[in-house]
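# Fold and contact review
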Amino acid sequence: MDTGMEQVNGIRMHYRRAGSGPPVVLLHGWPQTGHCWRKVVEPLAREHTVLVPDLRGYGLTDKPREGYDKRTMAADVAALIDALGFDRVSVVGHDRGGRVGHRWALDRPEQVERLAVLDIIPTREMWRRLDGGVARGYWHWLFHLQPDLPERLAGQDVAGYLGYFFERWTHRRDRLEPEAIAEYVRAFSAPGALRAGFDDYRASFPTDAEHDDADADAGRRLRLPVLALWGEKGLLGTLPSAEIWREYADNVTAAAIADCGHFLPEEQPEAVVDHLRKFLAAE
């Protein structure tokens with residue numbers, strides 16, 4: 001897999017590239033980097049050009065003080081695709097990357113051909129459904145919104161803080177190997193990395209919420225094909241995820257991944273690849 005760095009939208013964006021054929025962009029979530037797709041890239045690259053960026057603030061990409069709303073983060077990856085010479089791409093996003101992909105498809109439908117979202121429901125629905133059960137599972141959203149405090153506390157023990165999520169959110173813990181966790185801890189120990197990841201969450205409210213509400217008020221929906229996957233053993237397994245996505249998109253294929261928690265590309269990469277291949281090849 002080749003790596004590169006492009007100057008796009010005012011930042012240097014790091015990306016990985018493999019294969020040839022119709023382009024597919026894989027967007028990671030928190031607390032990870034593009035490394036999370038390592039088990040998915042090679043099989044997809046047999047049929048596709050696979051592009052794996054580190055999002056704004058993550059990995060080897062720049063960590064500016066602003067621009068973590070999903071509209072700007074989507075503009076980053078849109079500019080990367082332009083710089084690499086692609087007109088239309090399919091997009092696969094896990095966790096925060098799925099939220100970037102959702103915004104990308106809404107803002108630039110001419111550029112996104114298909115969208116797969118892994119283990120999320122729309123951000124707007126997260127806020128609308130924030131009852132006691134959801135808040136217990138997603139308490140970190142509210143904690144990460146706070147100014148300064150998350151950096152101060154998590155910065156005392158980056159491995160301990162991130163390790164809590166890797167343990168609690170993973171069903172098949174044997175599939176998330178210690179070397180991968182060490183890579184993520186290393187990435188989030190870089191100057192500015194913790195702050196940037198928390199800024200990603202801080203942009204969720206009110207900025208992202210305002211953008212999402214404006215779309216809903218205007219009746220803007222996803223018209224392109226959407227694949228929604230989630231881990232059967234994770235929190236989304238307790239929510240009507242398929243029905244929720246059908247409120248936001250016209251053409252939704254949905255499935256739970258068995259024996260899987262939150263980290264689908266690492267816990268069950270074979271199942272993820274199987275679903276993606278069928279989705280990407282569908283007429």
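About the thresholds
- Residues numbered from 1 in each chain as written.
- Predicted model: local features only at pLDDT ≥ 70, side-chain atom pairs only at ≥ 80, totals over all residues.
- Heavy atoms only, no water.
- Helix = DSSP H or I, 4+ residues; strand = E, 2+ residues; numbered from the N terminus.
- Rg over C-alpha atoms; globule rule 2.2 N^0.38 Å.
- Buried < 20%, exposed > 50% of the residue type's maximum accessible area, 1.4 Å probe, protein only.
- Contact = heavy atoms within 4.5 Å.
- Areas by Shrake-Rupley, 256 points an atom, 1.4 Å probe, with all protein chains shown as cover.
- Lys, Arg positive; Asp, Glu negative; His and termini not counted.
- Charge placed at Lys NZ, Arg CZ, Asp CG, Glu CD.
- Pairing = 2+ DSSP bridges.
- Right-handed = clockwise from strand over helix to strand, strands pointing away.
- Polar contact = N/O pair within 3.5 Å; in protein donor to acceptor, adjacent residues only side chain to side chain.
- Axes fitted to C-alpha atoms, helices over the stretch in contact; angles between N-to-C directions.
- Parallel < 35°, antiparallel > 145°, perpendicular 65-115°, else oblique.
- Left-handed = near helix turned anticlockwise from the far one by under 90°.
- Phe/Tyr/Trp six-rings, centres within 6.5 Å; stacked < 30°, edge-to-face > 60°.
- Lys NZ or Arg CZ within 6 Å of the ring centre and 35° of its normal.
- Core = buried A, V, L, I, M, F, W, Y, C linked by side-chain atoms within 4.5 Å.

Going by an unreviewed UniProt entry, the protein carries the name Alpha/beta hydrolase and comes from Prauserella endophytica.

Attention shifts here to the overall build of the protein. Within the protein, the regular secondary structure consists of 14 helices and 8 strands. Computed over its C-alpha atoms, the radius of gyration of the protein comes to 17 Å, within 12% of the 19 Å expected for a compact globule of 283 residues. For the protein, the C-alpha atoms occupy an extent of roughly 50 × 40 × 40 Å along the three principal directions. In the protein, which comprises 283 residues, the proportion classed as buried is 58%. For the protein, the proportion of contacts with a sequence separation of at least 24, taken over those separated by at least 6, is 76%. In the form shown here, the protein has an accessible surface area of approximately 11,700 Å², with 48% of it arising from carbon and sulfur atoms. One finds the centroid of the 36 positive side-chain charges in the protein at a distance of 1 Å from the centroid of its 44 negative side-chain charges.

To continue, consider the environment of H94. With respect to the helices and strands, H94 occurs in strand β5 (residues 89-94). Taking the C-alpha atoms as reference, H94 lies 8.1 Å from L264; in sequence the two are 170 residues apart.

Moving on, we come to the pairing of strand β8 (residues 249-257). Here strand β7 (residues 222-231) runs beside β8; their pairing, made up of 8 bridges, is parallel. Among the inter-strand pairings, P225 is bridged to a residue of β8, identified as N251. Read from β7 through helix α12 (residues 241-246) to β8, the crossover connection turns out right-handed.

Every regular strand shows the same layout, with side chains that alternate between the two sheet faces. Burial within strand β2 (residues 11-18) is extensive, with 6 of its 8 residues counted as buried. Pairing between strand β1 (residues 2-8) and β2: 7 bridges, direction antiparallel. Across the sheet, V8 pairs through a bridge with I11, a residue of β2. Following β1, the chain reverses through 2 residues before pairing antiparallel with β2; N9 in that reversal takes a positive phi of roughly 55°. Where β2 and strand β4 (residues 49-53) come together, 4 bridges link them in antiparallel fashion. Bridged to R17 within β4 is L51.

Turning to its location among the elements, K70 is positioned in helix α2 (residues 70-83). Of note is the side chain of K70, whose polar atom sits 2.8 Å from the backbone oxygen of Y68. Beyond its immediate sequence surroundings of up to four residues, K70 is in contact with R96, R99, V100, R103, D200, A203 and D208.

Helix-helix packing is described using two parameters, namely the angle between the two axes and the distance between the axes. For the pair helix α1 (residues 38-45) and helix α14 (residues 269-281), the least separation of the axes is 10 Å and the interaxial angle reads 40°. As far as their axial angle goes, α14 and α1 are oblique. Judged by the twist between their axes, the crossing of α1 over α14 is right-handed. For the pair α1 and α14, the contacting residues are K39, V40, P43 and L44 in the first and P269, V273, L276, R277 and L280 in the second.

With that settled, the discussion passes to the packing of aromatic side chains. For the structure on display, the rule yields 22 aromatic pairs. Above the ring of Y201, the side-chain terminus of R96 is found at 4.1 Å from the ring centroid. Just above the ring of F279 sits the side chain of R114; from NZ or CZ to the centre is 5.3 Å.

Here we come to the nonpolar core. Core analysis: the biggest nonpolar cluster contains 95 residues, and L26, W30, W37, W104, F188, L222 and W245 have the highest contact counts within it. Of all the elements, β7 adds the most residues to this core, at 7 residues. Not counting chain neighbours up to four residues away, the residues in contact with W104 comprise V25, L27, A74, V77, A78, I81, V89, V91, P109, Q111 and V112.

Our next topic: the environment of S189. Secondary-structure assignment places S189 in the loop between α9 (178-188) and α10 (193-202). What makes S189 partly exposed here is its relative accessible area of 46%. It is 8.7 Å that separates the C-alpha atoms of S189 and A159, two residues lying 30 residues apart in sequence.

All right, on to the sheet that holds β7 then. Pairing between the strands of a sheet is mediated by backbone hydrogen bonds and can be parallel or antiparallel. The 8 strands lie next to each other as β1-β2-β4-β3-β5-β6-β7-β8, forming an open sheet whose pairing is mixed. What marks the edges here is a single partner per strand, and that holds for β1 and β8. When the angles between neighbouring strand axes are averaged without regard to direction, this sheet yields 25°. In the packing of α1 onto the sheet, contacts are made with β2, β3 (23-27) and β4, and the angle to β4 comes to roughly 155°.

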